[in-house]
Structures are given as structure tokens and as C-alpha cells.
Amino acid sequence: MSDTLITVIAIGLAAILMFVFPLMTMSDRTDDVSQLTVETATTEFVDEIRTTGKITPDKYSKFIENIGSTGNTYNVEMEVKVLDENPGKKTTQTTKDTIGENVYYSVYTSQIEEKLYNDETYKLKEGDIVSVSVKNTNQTLAQQLKNFFYTVVGNDTYTIAASHGGIVTATGK
Amino acid sequence: MKIQSLAVMFIILILPISLVLASYTQNRVETLSLQSRYDSKLNDATYDALKAYQINSLNSDTSDLTNSRMRNIKASVNTFFNTMSTNFSTLGYTKETIQNYVPALVFTMYDGYYIYSPYTNYWYDENPTEEERASIPEQNSGTYSNGQKLYGLKPYVYYSCRYTGSNSKGSYDVVITYSLDNYIQIQGTVNGGEVVSKYGYLLSGVKVTDDDKVYYKGIEINSEAPLTETIFIDGEERELQYIKKNGTKYYYDDRNNRVISVLNGKASTQSQDILGEIKNNNNAKNYYKEAYDLQQFIKKYLGDLGTGNIKDDDKNLYYQVSGKIFDFDNSKGIESETSNFNTHRIEVIKHAIEKNLSIAIENFNKYSGVTTDFKMPKLKDTDWDKIMDNISIISFLQGINIGGKVYNGYSIITNNKNEDIVMEDSIYIKTTDDNGNSTFHRVTESSLSNTQIGVYNINLERRSAEDTNGNAKYYFPVYGTLSYDSIVTQNSIGIKSNQTIAEYLSNKQPLAKIYYTALGRERYGLYRPKVEIDNTQ
């Protein structure tokens, strides 16, 4: 009787070792590669926006395709801080000590996407600040396997994330 | 028992494999992420360099002159290396170390470019004679020794090309220098030996009638009423009428009834003859007249110039435009992007930059202590578009070790605000509302009304000056609000993506007249060095 029990436990242990353990290792590696892909794609996307000064629907859909090719679903958030130099002009001929009067007002993902979905380019100018952040929304394989041992719950749990931003150096035309 | 020992063996096998795999993947991840981070840092450093150049040149009255420009470029290079050493400071790189990894910095200007790269300082030629050696005094205390490696600006290289040939008017041998827009300089001999030196913009559709009326694309260009601008003279802020001639602004000081120019806040009196030109601003008319004269000259002497006339050994590799270069009769005009002239101009500029730049980067192998083979990367078409657009800086960074690879990258940043060039979108249109407030718009903004005059966008930038107490003050030469619809954000732009500005303006009056007049006036007033040939000998 106890022989069979030990055999069952042994077979169970063997199953875990032979299947689950390598699977966990491999899926961790997959997550690492996905993290790299998303980071590189985000950095390249933002740098291209910064050096050309515009967000085209073409580039945006290529970016979404790139990060989607890792097999996960992502939530992309873009923010553009538009520089408004007019407040700095209204105080006329001031002393040199006043700085920082220029105002930045923010435009977010849904407003930008609205323009992009109409097949128009979103143009920025020099001095604006753009930032993009990407987080994954599904549970990756590694996460699911780890859930056998411990569960991570919560609204904002993500394993793959990347963000990049910077000042725009050219005015789009 | 069997299974436990098998399990233990399995663990002993798999565990090291997975550890090695993990560290290998981590290494690759680290390399690629470092690469994109270095790209970002290079972009930031190049942008800082450009901003430094922009601020220095806008705030200086003498920035057109070559000495001043070279000083600004050296300051800009300094800024570049400062930012680079700050960005890489965690790796312990100082400015001297970074210089070993930057093979060249290219500053493309209006009609040529500078390269900043290392060179060897020689006092005399390779095999000096005794006289040559004696002519240089022994310099134990000299600043730079013979054979010392130095960093500095190489001489200015123009975007030029030499053409030879003969036609019905005789033989010709000219060098044509191109620029970032359609301004050219022609120097050489035509008509079998007559020496010429001609300058001007190439335009189609210009007509000059006998009674001195000038028409461009059917729109009459008149002389303008005096333009006014704010300026600080001797510490006091004044609003004066002015005209810009060859890069200098001449103001009419009505208080003392004299014509002045301003240098560093101090006024100096100029010839009273200029007063007539200030009151009746003919810059726009002269711009089109000069273009008309140049067109007549080219049609007479160089009408059938083609790429076959280029004097260069490799001309078939680089110059591939077929047909006449000066195609004034192109259906969209010689100014359009698809004309033969424009395509050839881009070829000349590309070839001029690539040739010298690849030599400079190859030579860098001799100077750098780093054991990497430095080569010039192939610039993409989108990169060339950026370079042709306006004055820009190209920076290269090669040879830094990042994990498994060696970093090799470049960055191109374009300058939008400078006084060397007036691009088509540098002219803003001023409108005034009922309360007398002025707003400035792009010319392509939809439904513009109450348009008054066109303004060069540099004049809207803030300048600094000193008042009578020596305190620094800021002022705007031309004051107004930037439109929220076309400048702060580009929300309501009427032009379609495949339309040129000329097509957009083809049925919009008086907007087209205001725009073309302002464009001609500003372009004619820019600083352009000219060689005058005296043919009376």
C-alpha cells in the first residue's frame, strides 16, 4: 500500500520536474525577451517622434504590431506636453530673473488616437515633451505557472513594462 | 530507488543548463537595451549642441561673420562633449575619453559644411629643406608642437560642382555653388573667356515689364511701406522703422534724423541715402528682379547644362539627373521638389558631404587609441531629408563596448531657428483683431482673415539687451501672440499632405501676395557674401 503511495508521489515529482520546471524556466526567458522587445520598440518609437516631430498613423500601427508580436496584450499610454510660449510673452520687457513662465498643457492618448484613426498625422513642434508607457494586461505563461505556488492579485499587476520620453527636437511639417 | 536517482540526475543536468541560459539571455537583453539607451543619449547631446549654437547665434549681432560663426561652432562642440560626459559619467568617461569614440561632428550650413575632427599639426612639409627648417624658430615654448594631434574645425567645404563645355555662345568653365534652398552662385568664365560672378535665386514665373512692374506667378509685387521693430539703443527701448540689407538692419532714428545701425546696443551713424530705401522698401521687388536677371543670364550662356558637363572622374556614379539641369520650363516650376535642378542639387550636396566625411572617419583610425575599425554608416533617405531641410548637426559615436557588440550609431538634429536661411514655413502671417492685438499664423492655416503682412519668425524670438543701469532686459523685436490653431498646436491646417505651398496659395488672395512679398523681402535681406568682378579692365 505504502509502496503505491510512494510511487504515485514519485511519479508526481517526476512530472513536476520534467515538465513544469523547464517550462517555467523557458517562459521566464520568454518574458525577458518580450520585455526587451517592448523596451526597444518603445524607445525607438519615442526617439523617432522626437527627431521628426510627428506621430503618423503608420508608425503607430507598426509600433502596436511590434509589441503585439510578443504574444501578449498591452495597454499603451501616450502623453504630449504642448509648450505654450504666449504666457511668457504677456509680461512685457521683464527683468532677466523671470524664467519658467511658459506653460505646458497635456494631451493624452485618446485625443491623439482620435486624430490617428482619422488617418491624419499628429504634428508636434520643437520644445514639446512626449512620453509613452506600455504595460501588459494579460497574464503571461510564466505568471500562470507561478500562480500554482503563489498568487499575485491586484488591479495593476504587470510583468512587462517599458516607458520612454523626451523633448521634441524638430517641428513636424 | 530508480526514480529518485533519475530525478536527482535530472536536476543535476537541468539546473546548470537553465542557469547558463538565463545569464546568456540577460546578457543579450542588457546589450540591446544599452544600445537603445545610447541612441537616446547621443540624441540628447546633439540637441544640446544645437540649442547652444542657436542661442549664441540669435543673441549676437555679428553671428553672420565667419569668425563669429566658428566661435559659435566651437562652443557648440564643447557643449556636445559636456553633455556626453555627463550622460556617461556613471561609466567613468571624461571628455578626453569620449573624444576617442567620436570620429567626426558635421555642421551643415547654408552653402557648405564644417567637419570637427582630429588632425595632426605640422610645421612644415614632409621633407623640409634646410631653409624651411630654419625659417621656423625653435619653439620650445610653442602652444602646439610639431606632429601633435589636435581637435578642430577643418576648413569650410562648399556644396559646389564644376562644369565645362561649349555651346553656341562659346566655351564655358564655371563652378556653381548650391545651397539648402534654390540660391546659387556661379563663378567662372563663359562666352569663351569672359569672367563672371552671378548670384541669385532660381524662380520660374517671374516677369519684369518695361515700366518696372514685377509679377510673380501673375501676382504683382509692389514696394512696401516701412517696417517697424523694437530695438534697444544705449539702454533705451525704441520702436523704429528699418530695412534689412545684407544681414544688417538699418534703422531710421527719427529723434535725431539719422540712419543708424546697432551693434551690441550702441548706435553708429550710416549713410543718409539709405533713408529713401527705408521709406520705400524695395527688397521684395529686387529679389524677383535678381531672379529674373539670373534666369536671362542662364538661358543665354548655360541653357543646356547637363550632368555630362560635370568635371569629375566618378560623375556617373553620383550624378544621375538626365536632361537640362536648369529646367525653368518644368511644369511645376524650377522651385518644385521634383525639378531636375532640385534633384541635382541634392545629389551635389550628398556627394560633397559623403566624400569628405568618409575620408575623415577613415582617417580617425589613425588617431583613436581604440582598436575598432571606424567606418561611415550609410545614411538613409529620411536622414538626408532632415539634413537638406535646414542647418543641422550630424554626430557619430562608434567603438564603445556594450556587452557582446560594439556600438555604432549617429544622430542628426536640425535647427529650426537661425538667421542664415528663410524656409517656406519661416514666414508667419500677422492678423490684427478689432482691439489692435496681433496674432501670428502659419500661412497654411485654414480660413485666415484680416491678414496684414508677413513676418520672419526669428523676429518673434526673445532677445536680450542691457538698459541704462546695466541690467539685462528681454524684449521682442516684433510682438504678438502665436496662434493656437497653427503654431502652438497644428490643429487647423488647410494644406493637404501632397500639396505644395505654391499649389495651396494658387487661388488665395490677398494671402498669396502678402506671403510672396514677405518671402522675397526677407530672403533678399539675408547676409550673402558676394564677389564683384570688375569687367572694365
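Here the structure is a predicted model, which means the values were calculated and not measured. (Residues numbered from 1 in each chain as written. Chains lettered and ligands numbered in written order. Predicted model: local features only at pLDDT ≥ 70, side-chain atom pairs only at ≥ 80, totals over all residues. Heavy atoms only, no water.)

Digging into the overall build of chain B
Reasoning step 1: A count of helices and strands for chain B gives 12 helices and 24 strands.
Reasoning step 2: When its C-alpha atoms are laid out on the principal axes, chain B stretches across 110 × 70 × 55 Å.
Reasoning step 3: Expressed as a percentage of its 537 residues, the buried residues of chain B come to 48%.
Reasoning step 4: Within chain B, residue pairs in contact and separated by at least 24 positions form 62% of the contacts whose partners lie at least 6 positions apart.
Reasoning step 5: A total accessible area of about 25900 Å² is found for chain B, and carbon and sulfur atoms account for 47% of it.
Reasoning step 6: Taken together, the 56 basic and 64 acidic charged side chains of chain B have centroids lying 4 Å from each other. (Helix = DSSP H or I, 4+ residues; strand = E, 2+ residues; numbered from the N terminus. Buried < 20%, exposed > 50% of the residue type's maximum accessible area, 1.4 Å probe, protein only. Contact = heavy atoms within 4.5 Å. Areas by Shrake-Rupley, 256 points an atom, 1.4 Å probe, with all protein chains shown as cover. Lys, Arg positive; Asp, Glu negative; His and termini not counted. Charge placed at Lys NZ, Arg CZ, Asp CG, Glu CD.)

Section: the overall build of chain A
Reasoning step 1: Counting its secondary structure elements, chain A contains five helices and six strands.
Reasoning step 2: Start at the N end of chain A and walk to the C end: the helices and strands fall as α-β-α-β-α-β-α-β-β-α-β.
Reasoning step 3: For chain A, the proportion of its 173 residues judged to be buried stands at 41%.
Reasoning step 4: When the accessible surface of chain A is summed, it comes to about 9400 Å², and 58% of that surface belongs to carbon and sulfur atoms.

Some remarks on a negative patch on the surface
Reasoning step 1: Negative charge collects at one region of the surface, where Asp125, Glu126, Glu131 and Glu132 of chain B lie side by side.
Reasoning step 2: Among the structural elements, Glu132 of chain B can be located in helix H4 (residues 130–135). (Patch = residues over 30% accessible without salt bridge, like charges linked within 9 Å, V, L, I, M, F, W, Y side chains within 5 Å. Salt bridge = Lys/Arg side-chain N within 4 Å of Asp/Glu carboxyl O.)

Focus on the pattern of salt bridges
Reasoning step 1: For the coordinates displayed, the defined rule picks out 27 salt bridges over all chains.
Reasoning step 2: Close ionic contact of Glu48 of chain A with Lys59 of chain A constitutes a salt bridge, the shortest N to O distance being 3.8 Å. Here Glu48 of chain A, found in helix H1 (residues 2–52), pairs with Lys59 of chain A, found in helix H2 (residues 57–68); they are 11 residues apart in sequence, far enough to count as distant.
Reasoning step 3: Under the relative-accessibility criterion, Glu48 of chain A is labelled partly exposed at 38%.
Reasoning step 4: Judged by relative accessible area, which is 16%, Lys59 of chain A ranks as buried.
Reasoning step 5: For Lys285 of chain B, the salt bridge goes to Asp212 of chain B, with nearest N and O atoms at 3.9 Å. Note that Lys285 of chain B is positioned in helix H6 (residues 283–301) and Asp212 of chain B in the loop between strand S9 (206–208) and strand S10 (214–216), a separation of 73 residues in sequence.

Observations regarding the interface of chain B and chain A
As a measure of interface size, the accessible area lost when the parts come together is often cited.
Reasoning step 1: Taken residue by residue, the interface counts 45 residues in chain B and 43 residues in chain A.
Reasoning step 2: Of all residues in chain B, the largest losses of buried area upon contact with chain A belong to Tyr47, Tyr474 and Gln490 of chain B, amounting jointly to 14% of the total for that side.
Reasoning step 3: Where chain B packs against chain A, one counts two salt bridges.
Reasoning step 4: When the shortest N-O distance is used, the salt bridge between Lys51 of chain B and Glu126 of chain A registers 3.3 Å.
Reasoning step 5: Summed over the shared surface of chain B and chain A, the result is nine residue pairs in polar contact (both at pLDDT 80 or more).
Reasoning step 6: Of all the elements, helix H1 (residues 2–58) of chain B adds the most residues to the side of chain B that touches chain A, at 22 residues.
Reasoning step 7: Split into classes, the residues belonging to the side of chain B that touches chain A amount to 22 nonpolar, 14 polar and nine charged. (Buried area = accessible area lost by both parts, 1.4 Å probe. Polar contact = N/O pair within 3.5 Å; in protein donor to acceptor, adjacent residues only side chain to side chain. Nonpolar A, V, L, I, M, F, W, Y, C, P; charged D, E, K, R; others polar.)

As for the sheet that holds strand S13 (residues 236–245) of chain B
All names here are of chain B.
Reasoning step 1: Judged by pairing direction, the sheet is antiparallel, and its five strands sit side by side in the order S12-S13-S14-S15-S16 without closing on themselves. Where the open sheet ends on each side, the last strands, each with one partner, are strand S12 (227–233) and strand S16 (266–269). In this sheet, adjacent strand axes meet at a mean angle of 50 degrees when their direction is disregarded.
Reasoning step 2: Bridge count between strand S14 (residues 248–253) and strand S15 (residues 258–263): four bridges; the pairing is antiparallel. Bridge pairing in S15 places Asp253 opposite Arg258. (Pairing = 2+ DSSP bridges. Axes fitted to C-alpha atoms, helices over the stretch in contact; angles between N-to-C directions.)

Some thoughts on unusual backbone geometry
Residue and element names in this part refer to chain B.
Reasoning step 1: Cis rather than trans, the peptide bond between Gln509 and Pro510 has omega equal to -5 degrees.
Reasoning step 2: By the element assignment, Pro510 lies in the loop between helix H11 (501–504) and helix H12 (511–524).
Reasoning step 3: The backbone of Asn450 sits at a positive phi, close to 60 degrees, despite the residue not being glycine.
Reasoning step 4: Looking at the secondary structure, you find Asn450 in the loop between strand S20 (438–442) and strand S21 (451–456).

With respect to H2 of chain A
Residue and element names in this part refer to chain A.
Reasoning step 1: Taking 1.5 Å of rise per residue, the 12 residues of H2 would be expected to cover 16 Å, and the 16 Å separating its terminal C-alpha atoms lies within 8% of that figure.
Reasoning step 2: Those residues of H2 not exposed but buried are Pro57, Lys59, Tyr60, Phe63 and Ile67. Taken around the axis of H2, the buried residues stretch over an arc of 165 degrees, which confines them to a single face. With respect to the buried face of H2, the exposed residues turned more than 90 degrees away are Lys62 and Glu65.
Reasoning step 3: Looking at the buried residues of H2, the elements they touch are H1, strand S1 (54–55), strand S2 (74–84), helix H4 (109–117) and strand S5 (129–136). (Expected span 1.5 Å × (residues − 1). Arc of directions from axis to C-beta.)

Concerning the sheet that holds strand S11 (residues 219–221) of chain B
All names here are of chain B.
Reasoning step 1: Spatially, the three strands line up as an open sheet ordered S9-S10-S11, and their pairing is antiparallel. Of all the strands in the sheet, the pair left with one neighbour each is S9 and S11. Across the sheet, the mean angle separating the axes of adjacent strands is 30 degrees when strand polarity is ignored.
Reasoning step 2: When S9 meets S10, the two strands line up antiparallel, connected through three bridges. Bridge pairing links Lys207 to Tyr215 in S10.
Reasoning step 3: Set on the sheet, H6 makes contact with S9, S10 and S11; between it and S9 the angle comes to about 100 degrees.
Reasoning step 4: Packed onto the sheet, H12 meets S10 and S11 and runs at close to 40 degrees relative to S11.

Some words on the nonpolar core
Reasoning step 1: Counting residues in each nonpolar core, the largest one holds 86 residues, and the members touching the most others are Phe80, Tyr288, Leu397, Leu505, Tyr515 and Tyr516 of chain B.
Reasoning step 2: Among the elements that take part in this core, H1 of chain B stands out by supplying nine residues, more than any other.
Reasoning step 3: In this structure, Phe45, Leu124 and Ala162 of chain A together with Val488 of chain B belong to the second largest nonpolar core, which totals 33 residues. (Core = buried A, V, L, I, M, F, W, Y, C linked by side-chain atoms within 4.5 Å.)

Observations regarding the packing of H1 of chain A against H2 of chain A
Residues and elements named next belong to chain A.
Reasoning step 1: Running from amino to carboxyl end, H1 crosses H2 at an angle of 170 degrees, the nearest separation of the two axes being 9 Å. With respect to their mutual orientation, H1 and H2 come out roughly antiparallel. Two secondary-structure elements touch here, H1 through Thr37, Val38, Ala41, Thr42, Phe45, Glu48 and Thr52 and H2 through Lys59, Tyr60, Phe63, Asn66 and Ile67.
Reasoning step 2: For the contact of H1 with H2, the residue count by class is six nonpolar, four polar and two charged. (Parallel < 35°, antiparallel > 145°, perpendicular 65-115°, else oblique.)

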